[in-house]
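# Observations on the three-dimensional arrangement
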Amino acid sequence: MARRLSYSARYNHPVEKLYAAQRSRQYWDEMMAGFQMISPHCEVAEFESGDAGMRVVLKQTIGRDQLPALAQTVLMKDMVITREESFGAFHPDKTLGTYTASIPAGPGSLNGKQELFPTETGCTIRKTTEVKVFIPFINGKLEQMMLVNLVDLFRAEAEYAADWVNKNL
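Residues numbered from 1 in each chain as written. Predicted model: local features only at pLDDT ≥ 70, side-chain atom pairs only at ≥ 80, totals over all residues. Heavy atoms only, no water.

## Quick notes on the packing of helix 1 (residues 15-22) against helix 4 (residues 139-168)
Our working rule: Axes, fitted as lines to C-alpha atoms, cover a helix only where it is in contact. Angles between the N-to-C directions of the axes lie from 0 to 180 degrees. Where helices and strands are cited, they refer to DSSP runs of H or I of at least four residues and of E of at least two residues respectively, numbered from the N terminus. Working definition: roughly parallel below 35 degrees, roughly antiparallel above 145 degrees, roughly perpendicular at 65 to 115 degrees, and oblique for all remaining angles. Any pair of residues with heavy atoms lying within 4.5 Å of one another is described as a contacting pair.
Between helix 1 and helix 4, the shortest axis-to-axis distance is 10 Å and the interhelical angle comes to 100°. With respect to their mutual orientation, helix 1 and helix 4 come out roughly perpendicular. Residues Lys17, Leu18 and Ala21 of helix 1 pack against Ala161, Trp164 and Val165 of helix 4.

Given below as structure tokens:
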């Protein structure tokens, strides 16, 4: 049975600025450079941006020795995460997007939808995630662990986004 998570990051910036950041290759390159402090193999594998929106593919390798013990029982090699994020064309009331994450020969899936919309004090990005692990007996524990780590990731990325917009836009 899949588990779901809804996470909202609130910003004091106008919606146009957050969308502009998402559409900037520099934004993603600098984010991956920051991740290299944790995992030395991080890159922007693909990036597209135009009138129809944006799409980015990120690749990150996490050493097996850095994984929690429960994850090490399932993964016998380093974990290579391929993550794809997209936003459609900008709409001032609400811009929609998606995201996925996959691991080659991984035991599950992660999919989500994201919305960028204005608020009275700036804007919000809301992410709604579904994770599913296909291993009996430990699937629930692994799904919960993924969601906890995802909240930490979303929180760190929200802080990065706010800081990046302050410095660059």
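## Quick notes on the pattern of salt bridges
What counts here: A carboxyl oxygen of Asp or Glu within 4 Å of a side-chain nitrogen of Lys or Arg is what we treat as a salt bridge. For each residue, the accessible area found with a 1.4 Å probe, counting protein chains only, is set against the maximum for its type, and the residue is called buried under 20%, exposed over 50%, and partly exposed in between.
Enumeration according to the criterion identifies 13 salt bridges in this entry. Linking Glu85 and Arg83 is a salt bridge whose minimum nitrogen-to-oxygen distance equals 2.5 Å. Taken individually, Glu85 and Arg83 each receive the classification buried, so the pair is uniform in this respect. Between Glu115 and Arg126 there is a salt bridge, with the nearest N and O atoms lying 3.2 Å from each other. Of this pair, Glu115 sits in strand 6 (residues 108-119) while Arg126 sits in strand 7 (residues 122-133), and the two are eleven residues apart along the sequence. Counted as one network, the salt bridges with shared partners bring together Glu46, Glu48, Arg55 and Glu84.

## Thoughts on the packing of aromatic side chains
Each aromatic ring pair is characterised by the separation of its centres together with the angle its planes make. Which entries qualify depends on this criterion: Aromatic contacts are taken between Phe, Tyr and Trp rings whose centres are within 6.5 Å, Trp giving its six-membered ring; a plane angle under 30 degrees counts as stacked, one over 60 as edge-to-face, and the others as tilted.
The final tally for this structure, using the stated rule, is six aromatic pairs. Note on Tyr99 and Phe154: the rings are 6.0 Å apart at their centroids and 85° apart in plane angle, and the pair reads as edge-to-face. A residue pair is termed long-range when its members are at least 10 positions apart, and Tyr99 in strand 5 (residues 95-102) and Phe154 in helix 4 qualify at 55 residues. Note on Tyr99: relative accessible area 4%, which makes it buried.

## Quick look at the confidence of the model for the protein
The predicted coordinates of low-pLDDT regions are not to be read in fine detail. Test applied: The predictor attaches a confidence to each residue, and that confidence, scored 0 to 100, is pLDDT.
Taken as a whole, the protein shows an average pLDDT of 90; of its residues, 95% reach a score of 70 or greater. Taken element by element, the predicted model of the protein shows its lowest mean pLDDT in helix 3 (residues 69-74) (68) and its highest in helix 1 (97).

## Details of empty space enclosed by the protein
Using the following cut-off: Space inside and on the surface of the protein is sampled on a 1 Å grid over the protein atoms alone, with a cavity defined as a set of points where a 1.4 Å probe fits but cannot get out and a pocket as an open set with protein on both sides within 12 Å along at least 5 of 7 lines; lining residues have an atom within 4 Å of a point. Grid points are joined across faces, edges and corners, and a volume is the space filled by probe spheres set on the points. Think of it as three bins: nonpolar holds Ala, Val, Leu, Ile, Met, Phe, Trp, Tyr, Cys and Pro, charged holds Asp, Glu, Lys and Arg, and polar takes everything else, Gly as well.
For the structure shown, the criterion picks out one cavity of 30 Å³ or more. If you add up the space inside the largest cavity, you get close to 140 Å³. In this structure, the largest cavity is lined by 16 residues; those nearest its centre are Tyr11, Gln22, Ile125, Lys127 and Glu157. Secondary-structure elements contributing two or more residues to the lining of the largest cavity are strand 1 (3-11), helix 2 (25-35), strand 4 (79-88), strand 7 and helix 4. Tallying contributions element by element places helix 4 first for the lining of the largest cavity, with four residues. Tallied by class, the residues present in the lining of the largest cavity amount to ten nonpolar, two polar and four charged.

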